Amino acid sequence: SGDHYYMSITQINFSNGLEKIGNCAFCACPNLREIVFPDSLIEIGNGAFSGNIGNSLSGYSSSDLYGLSKVTFNNGCEKIGSSAFKGTSLSNVVIPDGVKVIGASAFDYCLNLVDVTIGKSVEEIGEDAFAHTSYTYYGNFYAKFNNFKAFTLSSVITEVTPNSFIYKSASS
């Protein structure tokens, strides 16, 4: 039929018992605004809630982002997959105690993101995890944070991969 049921999803409250959300499970839900995860959730798959945004350094603005603006994590989650929330409208993120891995590009292109708190269990932050977030581009060579207000690390991180927070092109 031509009906696209996913277009009408605006909020998801997952039931307790859910342990994993698969790769790209809700990646085509442009009107999704809010998600509440259960305590039972252990893993969020790659691209699970990502917006439809590319990897270009230019041409994207807040109007291109998917509407997801509120995510409530619970302490059971251990892994946030690569590109899980890429290209969404999140403005603040609280990564709770319990999360050990934040995958590559997990919050990449969240252009409205200005406040991040990372719990004390995080051991690894993947490449470009928080790249392209609320900052200004300077040509195609590098970018730096412009409007970022707060970034709080309350953990003993054992690995922060290159470019986790700032994008640099291959030519820089």
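Above this text you will find the structure in question.
Since the structure is predicted, the reported quantities are computational estimates derived from the model, not experimental observations. (Residues numbered from 1 in each chain as written. Predicted model: local features only at pLDDT ≥ 70, side-chain atom pairs only at ≥ 80, totals over all residues. Heavy atoms only, no water.)

Visitor: For this particular structure, what's the right way to read the pairing of strand β7 (residues 92-95)?
Guide: In the case of a regular strand, side chains alternate between the two sheet surfaces. A one-sided burial pattern is seen for β7, the buried positions being Val93 and Ile95 and the unburied ones Asn92 and Val94. Bridging between β7 and strand β9 (residues 115-118) involves 4 bridges; their strand directions are parallel. If you follow isoleucine 95 over to β9, its bridge partner there is isoleucine 118. (Buried < 20%, exposed > 50% of the residue type's maximum accessible area, 1.4 Å probe, protein only. Helix = DSSP H or I, 4+ residues; strand = E, 2+ residues; numbered from the N terminus. Pairing = 2+ DSSP bridges.)

Visitor: I'm lost on the pattern of salt bridges in this one. Help?
Guide: Oppositely charged side chains can form a pair if their charged atoms are brought close together. For the structure on display, the rule yields 2 salt bridges. A salt bridge links glutamate 43 to lysine 20, with the shortest nitrogen-to-oxygen separation between them at 4.0 Å. Placement of glutamate 43 in strand β4 (residues 43-44) and of lysine 20 in strand β2 (residues 20-21) is noted, with a sequence separation of 23 residues between them. On the basis of relative accessibility, which here comes to 23%, the residue glutamate 43 falls in the partly exposed class. In this structure, lysine 70 engages glutamate 34 in a salt bridge whose closest nitrogen and oxygen atoms are separated by 3.9 Å. Residue lysine 70 is located in strand β5 (residues 70-72), and its partner glutamate 34 is located in strand β3 (residues 34-36); the two are separated by 36 residues in the primary sequence. A relative accessible area of 43% places lysine 70 in the partly exposed class. (Salt bridge = Lys/Arg side-chain N within 4 Å of Asp/Glu carboxyl O.)

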